[in-house]
Amino acid sequence: MLKLDEMQKKLLEEVADLHAVPEGAYNIRSNGKSIGRSSSAHIHITSKEDGSGIVVQIDPETKKESVHIPVVMTQTGLKEVVYNDFYIGKDADVVIVAGCGIDNCGNQDAQHDGIHRFFVDPGAKVKYVEKHYGSGEGKGKRILNPVTEVFLSENAYMEMEMVQIKGVDDTNRKTVAKLDAGSKLVVRERLMTHDEQNAVSTYDVVMDGAGSSADVVSRSVARDRSFQKFDAKLVGNAECSGHTECDSIIMDEGRILAVPGLEANHVDAALVHEAAIGKIAGEQIIKLMTLGLTESEAEEQIIKGFLN
Amino acid sequence: MIELEHVSFEVNDEKEGKEIIHDVSFKIPDGQLIVITGPNGGGKSTLAKLIAGIEKPTSGKIWMDGKDITGWSVTERARAGIAYAFQQPVRFKGIRVLDLIRLAKGEKLAVSDACVYLSSVGLCARDYVNREVNASLSGGELKRIEIATVLAREGHLSIFDEPEAGIDLWSFKNLISVFEEMRQRIKDRSILIISHQERILNIADQIVVLRAGRLDAAGPKDEILPTLIGTSSASPDCRFQAPSGGETEC
Ligand SMILES: Nc1ncnc2c1ncn2[C@@H]1O[C@H](COP(=O)(O)OP(=O)(O)O)[C@@H](O)[C@H]1O
Ligand SMILES: [Mg+2]
């Protein structure tokens, strides 16, 4: 039976909403090694032979099942790169919950770089949830550099929910996707940076197949002296539709750079980019103050709703 | 009781001082419904903002139950029971109608209780509680939600700034009965409505006419209303626009 200490439990709750061992298939990685694993009848988790990561194989037609693969780190100075591959069979419909929580109370940096590749077979549906969280008083940084590669076959669908609200000092996220005919990618990113944090998020989505579509939306808040860069590029090589949106609240001395990139290589590619950066509207704060909130309570409510 | 005493408000418009409210004094006694009317641009909304603390008078004082609240912040006045439904309600991305009503009420209100406030402004509650207060709502829907949040506050003084704007006739009749019913229940509380509508003027205890920032007339309804009939300060119902969004039957 899996034994977890209090910090591991807290991190698992933050990144995967896990209060107990998850139902269905899971792999829990803590401080560089797997501390619990379970496959299910249709979802098979195995280690790669070279030990660099895991392979998650989901059988065709697997419906309404989930797999949890959270990572927790509590050891200062630990740096790891993990390569995980996901094969999602034809017409499957599954939820994959990843996420990484780092508690660094030491003075050396702790870093997790997860390289995830998703091979989604025709007609399959995947919901992927990835939460990042950091805590700890140490001077050492908490660093996360996820790379996600997505290959959507015909009529496949993938929805990615990426959340990073607190405690990660440095993150450089790269997401690359290739879309075949009729497939669809939906990305919902929510990000808040504070103190001196730095977050870069880069998307490169290539729509190769006719009737494919992509919708990449980021909502973010940059507080204190933090910096964010949102760099979203959509490429349309066929009849397709793409939309990216960066909607940001800037506070204090925060800085945000939004870089739109649209490349249409086909006359029927319809691509849209929207970006809006601004501070919280004064009238929103005043309205909530007329309901009895203080100015800072009003700000918190507005941000909470915005990142909801 | 709220009392305005020689309140003036000036803004600096292109380096020149511009007086928007000039030496206005009147009382809002407990248990009364006061309607402020007058031409557009006369300073009605500005007066409401001065009472809610959103603007501060350049001179003069505002009293609440014998306390000088002139220097109080918006939050302090809200906590003392001043509630204000804006003429132009504010939109919020991600905040749901239910969240806003709960914030207004100041407690974790049951969904069914929140629905009561929405129903009283003619919104089918279950269609709206989980909607975001964002750009997807029509002007009329937003306006009614704004009114519902102020109803939820059950303030010591509830201010409604042109509540009829963007509301269809059916809902308007309903709204009048909400105000009338509120008027019956208030006792130690009071209501201030900014309106041009004859039917709203008609349920007032007192009417205040504001023109070009000055108090043009003030007194009991029976005295003031006859002088206004036929002017733009008291329009009959036929001025209403067609219904816009928000089903009233559910
Ligand atoms: N902060 C401000 N700066 C400049 N002019 C203002 C300001 N607030 C209000 N005004 C002007 O004061 C006048 C009264 O406005 P308002 O109170 O909104 O009138 P009403 O609600 O009676 O239509 C208008 O001419 C308006 O443009
Ligand atoms: Mg006005």
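Residues numbered from 1 in each chain as written. Chains lettered and ligands numbered in written order. Predicted model: local features only at pLDDT ≥ 70, side-chain atom pairs only at ≥ 80, totals over all residues. Heavy atoms only, no water.

**Q** Any details on the overall build of chain B? Residues and values, ideally.
**A** Scanning chain B from N- to C-terminus turns up nine helices and ten strands. For a compact globule of 250 residues, the expected C-alpha radius of gyration is about 18 Å, and chain B comes in at 18 Å, within 12% of that figure. Judged by the C-alpha coordinates and their principal axes, chain B covers about 45 × 40 × 40 Å. Going through the 250 residues of chain B one by one, you find that 53% of them count as buried. Taking all contacts inside chain B whose residues are at least 6 apart in sequence as the whole, residues at least 24 apart take part in 68%. Positive and negative side-chain charges in chain B, numbering 31 and 36 respectively, have mean positions lying 4 Å apart. (Helix = DSSP H or I, 4+ residues; strand = E, 2+ residues; numbered from the N terminus. Rg over C-alpha atoms; globule rule 2.2 N^0.38 Å. Buried < 20%, exposed > 50% of the residue type's maximum accessible area, 1.4 Å probe, protein only. Contact = heavy atoms within 4.5 Å. Lys, Arg positive; Asp, Glu negative; His and termini not counted. Charge placed at Lys NZ, Arg CZ, Asp CG, Glu CD.)

**Q** Summarise the overall build of chain A; cite the residues concerned and give the values.
**A** Looking only at helices and strands, chain A features three helices and 21 strands. For a compact globule of 308 residues, the expected C-alpha radius of gyration is about 19 Å, and chain A comes in at 20 Å, within 12% of that figure. Expressed along its principal axes, the backbone C-alpha trace of chain A runs to roughly 55 × 55 × 35 Å. By residue count, 56% of the 308 residues in chain A fall in the buried class. Of the contacts formed within chain A by residues at least 6 apart in sequence, a portion of 80% connects residues at least 24 apart. If you sum the accessible surface of chain A, you get close to 13000 Å²; carbon and sulfur atoms cover 48% of it. On chain A, the mean spot of the 34 positive side-chain charges and the mean spot of the 49 negative ones are 3 Å from each other. (Areas by Shrake-Rupley, 256 points an atom, 1.4 Å probe, with all protein chains shown as cover.)

**Q** So what's going on with the environment of A:Ser241? Which residues, and what values?
**A** Residues and elements named next belong to chain A. The residue Ser 241 is located in strand β19 (residues 240–250) in this model. Look at Ser 241 and you get partly exposed, because its relative accessible area is 36%. Spatially, the C-alpha atom of Ser 241 lies 11 Å from that of His 273, the residues being 32 residues apart in sequence. The contact partners of Ser 241, leaving out residues within four places of it in the chain, are Met 207, Ser 212, Ser 213, Ala 214 and Ala 270.

**Q** Could you give an account of the pairing of strand β8 (residues 93–103) of chain A, naming the residues involved and the relevant values?
**A** Residue and element names in this part refer to chain A. Along β8, ten of the eleven residues are buried, which leaves the element largely enclosed by surrounding structure. Examined bridge by bridge, strand β5 (residues 63–68) and β8 share five bridges and lie parallel to one another. Across the sheet, the residue bridging to Val 67 is Ile 96, located in β8. Pairing of strand β6 (residues 71–73) with β8, which is carried by three bridges, proceeds in the parallel orientation. By the bridge assignment, Val 71 is partnered in β8 with Cys 100. Two strands pair when backbone bridges link them, and β8 and strand β10 (residues 125–135) are joined in this way by eleven bridges, in the parallel orientation. Its bridge partner being in β10, Asp 103 is matched across the sheet by Ser 135. (Pairing = 2+ DSSP bridges.)

**Q** Run through the pairing of strand β12 (residues 147–152) of chain A, naming residues and quoting values.
**A** Residue and element names in this part refer to chain A. The alternating pattern of β12 places Thr 148, Val 150 and Leu 152 on a buried face, while none of Val 147, Glu 149 and Phe 151, on the opposite face, is buried. In this structure, β12 lies alongside strand β14 (residues 170–179), joined through six bridges in parallel fashion. Opposite Thr 148, over in β14, you have Thr 175 as the bridge partner.

**Q** Tell me what's going on with helix α3 (residues 97–105) of chain B, and back it up with residues and numbers.
**A** Burial runs high along α3(B): seven of the nine residues are buried. Of all the residues in α3(B), the buried ones are B:Val97, B:Leu98, B:Leu100, B:Ile101, B:Arg102, B:Leu103 and B:Ala104. Its buried side turned inward, α3(B) meets α2 (282–289) and α3 (295–306) of chain A together with α4 (111–120), α5 (125–128) and α6 (139–153) of chain B. One or two positions beyond α3(B), positive phi appears at B:Gly106, with a value near 80 degrees.

**Q** Run through the site of ligand 1, naming residues and quoting values.
**A** Residues and elements named next belong to chain B. Inspection of the region around ligand 1 gives Val 11, Lys 18, Ile 20, Pro 39, Asn 40, Gly 41, Gly 42, Gly 43, Lys 44, Ser 45 and Thr 46 as its neighbouring residues. In the model, an oxygen atom of ligand 1 is placed 3.2 Å from a nitrogen or oxygen of the Gly 42 main chain. Among the secondary structure elements, those contributing two or more residues to the shell around ligand 1 are β2 (16–28) and α1 (44–52). When residues in the shell around ligand 1 are grouped by element, the largest group, three residues, is from α1. (Near = heavy atom within 4 Å. Polar contact = N/O pair within 3.5 Å; in protein donor to acceptor, adjacent residues only side chain to side chain.)

**Q** I'd like to hear about the packing of α3(B) against α6(B), residue by residue, with values.
**A** Residues and elements named next belong to chain B. Packing of α3 against α6 brings their axes to within 7 Å, and their N-to-C directions diverge by 30 degrees. It follows from the interaxial angle that α3 and α6 lie roughly parallel. Both α3 and α6 take part in a crossing whose hand is right-handed. Taken together, the residues of α6 that come into contact with α3 (itself represented by Val 97, Leu 100, Ile 101, Ala 104 and Lys 105) are Ile 145, Thr 149, Ala 152 and Arg 153. (Axes fitted to C-alpha atoms, helices over the stretch in contact; angles between N-to-C directions. Parallel < 35°, antiparallel > 145°, perpendicular 65-115°, else oblique. Left-handed = near helix turned anticlockwise from the far one by under 90°.)

**Q** Help me get a handle on the nonpolar core, residues and values and all.
**A** One finds A:Leu288, B:Leu47, B:Leu118 and B:Phe160 to be the most contacted residues of the largest nonpolar core, which totals 96 residues. Look past the residues within four positions of B:Leu47 in its chain and what remains in contact with it is B:Leu4, B:Ile21, B:Val24, B:Phe26, B:Ile36 and B:Leu210. By size, the runner-up hydrophobic cluster in this structure holds 41 residues, among which are A:Val67, A:Leu152, A:Tyr203 and A:Phe230. (Core = buried A, V, L, I, M, F, W, Y, C linked by side-chain atoms within 4.5 Å.)

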